[in-house]
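So you can see what is in the structure, the chains are spelled out below.
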Amino acid sequence: MTHRNDLIARARQAALKAYAPYSGFSVGCAVESVDGQVAVGANMENACFRLGVCAEVSALTAAQQAFGLDRVARIAVVGGRVENGALAGEMVVTSCGGCRQSILEAAQLSGNDVEMISGSGDGAKVDVRRISDLLPLGFGPDNLKDAAS
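In short, a report on the structure. (Residues numbered from 1 in each chain as written. Predicted model: local features only at pLDDT ≥ 70, side-chain atom pairs only at ≥ 80, totals over all residues. Heavy atoms only, no water.)

1. Some points on helix 3 (residues 97-110)
A rise of 1.5 Å per residue sets the reference length of helix 3, with its 14 residues, at 20 Å; its end C-alpha atoms lie 20 Å apart and thus fit the reference within 8%. All of the buried residues along helix 3 are C99, R100, I103, L104, A106, A107, Q108 and S110. Of the surrounding elements, those touching the buried residues of helix 3 are helix 2 (55-66), strand 3 (72-83), strand 5 (115-120) and helix 4 (131-134). (Helix = DSSP H or I, 4+ residues; strand = E, 2+ residues; numbered from the N terminus. Expected span 1.5 Å × (residues − 1). Buried < 20%, exposed > 50% of the residue type's maximum accessible area, 1.4 Å probe, protein only. Contact = heavy atoms within 4.5 Å.)

2. Regarding a nonpolar patch on the surface
Together, Y19, Y22, M44, F49, V53 and V57 line one region of the surface with nonpolar side chains, adding up to about 590 Å² of accessible area. With respect to the element layout, F49 can be found in the loop between strand 2 (38-42) and helix 2. (Patch = residues over 30% accessible without salt bridge, like charges linked within 9 Å, V, L, I, M, F, W, Y side chains within 5 Å. Areas by Shrake-Rupley, 256 points an atom, 1.4 Å probe, with all protein chains shown as cover. Salt bridge = Lys/Arg side-chain N within 4 Å of Asp/Glu carboxyl O.)

3. Examining the environment of S120
With respect to the helices and strands, S120 occurs in strand 5. As for S120 and V27, which are separated by 93 residues in sequence, their C-alpha atoms are 10 Å apart. Each residue touching S120, except ones within four places of it in the same chain, is listed here: R12, V78, G79, G89, E90, M91, V92 and K125.

4. A closer look at the packing of helix 2 against helix 3
Angle between the axes and distance between the axes are the two parameters that describe a pair of packed helices. Between helix 2 and helix 3, the least distance of the axes is 9 Å, while the angle of their chain directions is 25 degrees. Of the possible angle classes, the one that applies to helix 2 and helix 3 is roughly parallel. The crossing of helix 2 and helix 3 is left-handed. Contacts between helix 2 and helix 3 involve E56, V57 and L60 on the former and, on the latter, C99, S102, I103 and A106. Residue composition of the contact of helix 2 with helix 3, by class: 5 nonpolar, 1 polar and 1 charged. (Axes fitted to C-alpha atoms, helices over the stretch in contact; angles between N-to-C directions. Parallel < 35°, antiparallel > 145°, perpendicular 65-115°, else oblique. Left-handed = near helix turned anticlockwise from the far one by under 90°. Nonpolar A, V, L, I, M, F, W, Y, C, P; charged D, E, K, R; others polar.)

If you want it as structure tokens, here you go:
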């Protein structure tokens, strides 16, 4: 597996390719598979604000194409402002509720309680939790086992 600092570095690098002209807040995400493959994504804003895409969903989409959501093991997310070509910011960034729901989907498909690595834009601070801690009693594919076929 990739070292946590390397995964954070990949997320920070991805954030530099974000399209965030309205908020000025660039977010990058790196998704690692159970066998060490990494897919990245960044937020993409839109003049119609509600049509923007979060970095986590962008990265999960890339991960589905690269190795499948059923192979997701860890996710790193960071965010902040871009200054002189580098990501800056002191606050640890965590995933929004919608992204947590998308991550739970991957966690239940993979059978892994996905490790969530949240970091500050400057990379100095890191917080590590599991998706089950960030979205307790979440609703996902496992909850649909009693649905009619």
